[in-house]
Amino acid sequence: MNLPRTLRPVVGLLIAFLLALGVPVVASAAPEANVRVVTYDASQAAEFRDVVDAGAQIWNDHVQNVRFEPAAGGAADVVVLADNGWPRAEVIGLGKGRVWMGRQAVNEGHDTLRIAAHELGHILGLPDNRTGLCEDLMSGASAGPSCKNPNPNPVEIAEVERNFAQGVNLERRVYTEDVLALR
């Protein structure tokens, strides 16, 4: 529940009064007013639908300024598709775009949850960072098919938080792995 600015001090005083009397007060689980919600539609993600939900939840568990939520009818900020190519993301703005969960990487042994979290990371404004390190989510396929880490590192988390706190403007871009360079 979002309270009007003029009522917040009154509610604060009421809570302080109740606490002074020893009355237990439970904090509301309502999201902060400054959290940006990015809706996604995984209905066209075929066999990857559940893993896309899990990838979105990973980001929700790690960042505060943005939250992925499934679209409830109507247009979504992000559309997730499945195809037989390599995974990729088309970013059309911060928190907006398309993701392809490509079966080629899965067939080569890459982890589907890492792929989903990585591609959603692009939607959140993160570029590829081909360090080859498994602890770097945005290193993508350069970490090799044995890497199963789907979690962003502290630097990646901080960049997403800054992007959404500052309302960064992103130019349209398609992120694809340079598959030949990885071999």
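As a starting point, this report considers the structure included with it. Keep in mind that what you see is a predicted model, and the values were worked out from it rather than measured.

## Comments concerning the packing of helix H2 (residues 49-62) against helix H4 (residues 112-123)
Move 1: With their axes 8 Å apart at the nearest point, H2 and H4 run at an angle of 55 degrees to one another. By the criterion of interaxial angle, the relationship of H2 to H4 is oblique. Crossing handedness for the pair H2 and H4: right-handed. Here H2 contributes Val 51, Val 52, Ala 54, Gly 55, Ala 56, Ile 58 and Trp 59 to the contact with H4, which in turn contributes Thr 112, Leu 113, Ala 116, Ala 117, Leu 120 and Gly 121.

## Here we look at the pattern of salt bridges
Move 1: Counting across every chain of the model gives seven salt bridges.
Move 2: Residues Arg 103 and Glu 47 are paired through a salt bridge, measuring 2.7 Å at the closest nitrogen-oxygen approach. Of this pair, Arg 103 sits in helix H3 (residues 103-107) while Glu 47 is found in the loop between strand E1 (36-44) and H2, placing the two residues 56 residues apart along the sequence.
Move 3: With relative accessibility at 22%, the residue Arg 103 sits in the partly exposed group.
Move 4: A salt bridge links Arg 88 to Asp 83, with the shortest nitrogen-to-oxygen separation between them at 2.4 Å.
Move 5: A single salt-bridge network, built from bridges that share partners, covers Glu 90, Arg 98 and Arg 172.

## Description of the nonpolar core
Move 1: Counting residues in each nonpolar core, the largest one holds 35 residues, and the members touching the most others are Val 52, Trp 59, Phe 68, Met 101 and Val 160.
Move 2: Looking at this core, the element that brings in the most residues is H4, giving five residues.
Move 3: In this structure, Phe 68 is in contact with Val 38, Tyr 40, Ala 56, Trp 59, Asn 60, Leu 120 and Leu 124, ignoring residues within four places of it in sequence.

## Quick look at the pairing of strand E2 (residues 66-70)
Move 1: Judged from the five bridges that link them, E1 and E2 form a sheet pairing that is parallel. Across the sheet, residue Arg 36 finds its bridge partner in E2, namely Val 66.
Move 2: In this fold, the crossover linking E1 to E2 by way of H2 has right-handed handedness.

## Re the sheet that holds E1
Move 1: Spatial strand order, E2-E1-E3-E5-E4-E6: six strands in an open sheet with mixed pairing. The open sheet terminates on both sides in strands that have one partner only, identified here as E2 and strand E6 (173-176). Neighbour-to-neighbour, the strand axes of the sheet open up by a mean angle of 20 degrees, direction not taken into account.
Move 2: Of the strands in this sheet, E2, strand E3 (78-83), strand E4 (88-93), strand E5 (96-102) and E6 touch H4, which is tilted by about 160 degrees from E5.

## Examining the side chain of Ser 139
Move 1: Residue placement: Ser 139 occurs in the loop between H4 and helix H5 (154-166).
Move 2: Of the polar contacts made by the side chain of Ser 139, one reaches the side chain of Arg 114; its length is 2.9 Å.
Move 3: Once residues lying within four places of it in the same chain are set aside, the contact partners of Ser 139 are Arg 114, Asn 129, Arg 130, Thr 131, Gly 132 and Leu 133.

Here is what the cut-offs are and how they apply
- Residues numbered from 1 in each chain as written.
- Predicted model: local features only at pLDDT ≥ 70, side-chain atom pairs only at ≥ 80, totals over all residues.
- Heavy atoms only, no water.
- Axes fitted to C-alpha atoms, helices over the stretch in contact; angles between N-to-C directions.
- Helix = DSSP H or I, 4+ residues; strand = E, 2+ residues; numbered from the N terminus.
- Parallel < 35°, antiparallel > 145°, perpendicular 65-115°, else oblique.
- Left-handed = near helix turned anticlockwise from the far one by under 90°.
- Contact = heavy atoms within 4.5 Å.
- Salt bridge = Lys/Arg side-chain N within 4 Å of Asp/Glu carboxyl O.
- Buried < 20%, exposed > 50% of the residue type's maximum accessible area, 1.4 Å probe, protein only.
- Core = buried A, V, L, I, M, F, W, Y, C linked by side-chain atoms within 4.5 Å.
- Pairing = 2+ DSSP bridges.
- Right-handed = clockwise from strand over helix to strand, strands pointing away.
- Polar contact = N/O pair within 3.5 Å; in protein donor to acceptor, adjacent residues only side chain to side chain.

Fair warning: the whole summary comes from geometry, so function is off the table for now.
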